[in-house]
Amino acid sequence: MKNQWWKEGVYYQIYPKSFNDANGDGIGDLNGIREKSDYLKELGVNILWLSPIFDSPHADNGYDISDFYNIWPSFGSMDDFDELLEATHKKGMKLILDIVLNHTSEEHPWFLESVASKDNPYRDFYHWQEGNGDHPPNNWESFFSEDAWTKYPATDEYYLHLFTKNQPDLNWENPEMRKKLYDILHFWLKKGVDGFRLDVIPLISKIPGYPDNTFTDFNETIERVYANGPRLHEHLNEMYNEVFAHYDAVTLGEGIGVSPDLAPLYVSDKRDELNMVYHFDHMNLDCGPGGRYDNKPWSLKELKAVISDWDESMAGDGWYAWYLGNHDFGRKVTRFGSQKYWEKSAKLLAVLLLSQRAASIIYQGDEIGMTNIRFESIEEHDDIATHNAYRKIVKEGGDLNHFWESIYMNGRDNARTPVQWDDSDYAGFSTHEPWLKVNPNYTSINVKHQSADNQSILHFYKKLVEIRRQYPTLVYGQWKDHFPDHEQLFVYSRISEDQQVLIALNLSDETQELQLVPNLGQMDKKLLLSNYEKGSETTLRPWEAVMYEIL
Ligand code: ISL
Ligand code: CA
């Protein structure tokens, strides 16, 4: 297996709207990111991923692009972007952009042309269909709790949108449309960006004839109906040949609907499609049959199985990216950690994040253990997905208490509250009231406090990122789970020819016996990292995490 910068780099995802506001209007911006480039450099991350920065009406916070060639004015200008790119490169870091090629905004000029008439040359850039009598063309439901088709009165036809009606899906069957997308990618790559995170890329090829969905489980619907369409791999291969073959740039696909069995089709070295995908299998562990608004307990055994299945699938050929939260989910410490052992569990999760055979992605604010927030009412929420789901549950008379508990655990706004820089007003994110409420715990959880405390979560992350750099076996080494069935302990090794690291994690509020690891006491070893002061070799305390080099 070939070593590559994009495999071993530590990624840091920035949600620009919430990262840092330089001009005091309550909205994070590109200059705000540039102001923090020393902070990021010191943290040790080396690839920055920016959630979409293109011009957009922000119905879905930029995942609805109206102009691929310009920056959203609230984020800044193209000059600001060029300066950010230069500053990032000067500091030895790379920058990748998040781009949406499955759909545009309804305000994109192509769509405005497309709605105008049935014979407009842009008509075929989107999916237009006649209704079924008074009904939409089929029974598809969008990801955001509404019909996936909306009727446009002027021509009496429906257009397809797998997300909100503000996000019409592009028709990849149309070669001119594809060519225009490739031109966009070339434009940014020529500017010097180091790659792309490709939003919902598995969804670009639709099943011809748009047959009805017969699955009741939404995840199954995603995998078998919306994602992995018949021409998907043909399109990805064409995009590679037309665009990415000409640059040293990374492609990270958002692997929605991608199982470990299907993943090699996307990322095998032999296929010239994408470099990596990130999957959703662990993100779905706490979702009941009703999906993300139907929260249920998760188990460690299932999490281990997810990691093991993916590791096995990618072991010979291919690579994936690993994360424990992003802008679409609850904060990882609230979801997978412990309330009682907040600090210990945040550190343990950092180890879990940065010790897999995959590219690690840190989500902004996780390096200080930012937590979920409990909003008082639906009005305080911004996320359109949350609003739609709420409307639906009210309409259908569903269980509102369960809905709120699910939102508290996994609502998307949890991860979108402003980054907590210090304990001044608005957490030092802005001098103006931010677009989304600051988590009230900013007075105790913030970067300033943790920078000054060398036992903090922030310092722990720095150490860990450095260790991952010093121990390539943590990136490339084989992965071996010692006790796949244990419900509290997660003990695994990373093994290469000349290096071996043992990782032991206790994901519970109780002390656990560790003699489980045969001969640990007799082994010649060096403690690389621990989240308690003095480690013991026979027990692991609540949420204790240790990493040994086996000599
Ligand atoms: O998992 C989800 C729904 O069950 C989502 O939160 C999300 O819609 C899905 O992961 C796809 O995400 C991406 O595309 C969306 C955008 O809203 C998300 O922010 C983006 O990450 C539409 O562009
Ligand atoms: Ca601003």
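On a predicted model such as this, the values are computed, not experimentally measured, just so you know.

What follows deals with the coordination of the calcium ion (ligand 2). Donor atoms from the polypeptide that coordinate the calcium ion (ligand 2) comprise Asp-21 (OD), Asn-23 (OD1), Asp-25 (OD), Ile-27 (O) and Asp-29 (OD), at 2.2 to 2.3 Å from the metal. Within one chain, the residues donating to the calcium ion (ligand 2) are spaced in sequence as D-x1-N-x1-D-x1-I-x1-D. Among the residues examined, Asp-21 registers a relative accessible area of 7% and is labelled buried. Among the residues examined, Asp-29 registers a relative accessible area of 4% and is labelled buried.

Sheet strands line up and pair through hydrogen bonds in the backbone, either parallel or antiparallel. Strands sit in the order S16-S17-S18-S22-S20 across an open sheet of five strands; the sheet is antiparallel. Sheet topology places strand S16 (478-481) and strand S20 (525-530) at the edges, where each strand pairs with a single neighbour. Looking at each pair of strands side by side, their axes are set apart by 20° on average, direction ignored. Two elements, S20 and strand S22 (residues 545-550), share five bridges in a ladder whose sense is antiparallel. Across the sheet, the residue bridging to Lys-526 is Glu-549, located in S22. Lying on the sheet, helix H17 (residues 457-470) is in contact with strand S18 (499-506), S20 and S22; it crosses S20 at an angle near 140°.

So, about the packing of helix H13 (residues 342-354) against H17. In contact at an axis separation of 10 Å, H13 and H17 are set at 20° when each is read in the N-to-C sense. As judged from the angle between their axes, H13 and H17 are roughly parallel. Viewed along their axes, H13 and H17 form a crossing whose handedness is right-handed. Where H13 approaches H17, its residues Trp-342, Glu-343, Ala-346, Lys-347, Ala-350, Val-351, Leu-353 and Leu-354 are matched on the opposing element by Ile-457, Phe-460, Tyr-461, Leu-464, Val-465 and Arg-468. Residue composition of the contact of H13 with H17, by class: eleven nonpolar, no polar and three charged.

With that out of the way, let us pick up helix H6 (residues 109-116). Residues of H6 that are buried include every one of Trp-110, Phe-111, Ser-114 and Val-115, and no others. Viewed along the axis of H6, the buried residues span an arc of 125°, placing them on a single side of the element. Contacts from the buried residues of H6 go to strand S4 (67-71), strand S6 (128-129), strand S7 (149-152), strand S8 (157-160) and helix H7 (175-191).

What counts, and at which threshold
The numbering scheme is per chain: residues are counted from 1 as the chain's sequence reads. Note on labels: chains are lettered from A, ligands numbered from 1, in written order. Totals for whole chains, interfaces and linings use every residue, but because this is a predicted model, local features are given only for residues with pLDDT of at least 70 and side-chain atom pairs only at 80 or more, for both listing and counting. Only hydrogens and water are removed before side-chain values are computed, so all heavy atoms of the structure are retained for them. Listed donor atoms are N, O and S within 2.8 Å of the metal (Na, K and Ca: 3.2 Å). As water is not included, a site may look incomplete. For every residue, the accessible area obtained with a 1.4 Å probe (protein chains only) is divided by the maximum for its type, and the residue is called buried under 20%, exposed over 50%, and partly exposed between those limits. We call two strands paired when DSSP finds no fewer than two bridges between them. Secondary structure elements follow DSSP: runs of H or I no shorter than four residues count as helices, runs of E no shorter than two count as strands, and numbering proceeds from the N terminus. Here an angle of 0 to 180 degrees is reported between the N-to-C directions of two axes, which are lines fitted to C-alpha atoms, with helices fitted over the stretch in contact. Only heavy atoms enter the contact rule, under which two residues are in contact if any of them lie within 4.5 Å. Oblique is the label for any angle not under 35 degrees, not over 145, and not in the 65 to 115 range, which are roughly parallel, roughly antiparallel and roughly perpendicular in turn. Handedness of a helix crossing follows the sense of rotation of the near helix relative to the far helix, less than a right angle counterclockwise being left-handed and clockwise being right-handed. Under the convention adopted here, Pro, Cys and the residues Ala, Val, Leu, Ile, Met, Phe, Trp and Tyr are nonpolar, Asp, Glu, Lys and Arg are charged, and Gly plus all remaining residues are polar. Picture the helix axis, draw a direction to every C-beta atom, and the arc is the one those directions span.

Geometric descriptors of this kind do not, in isolation, establish any biological role.
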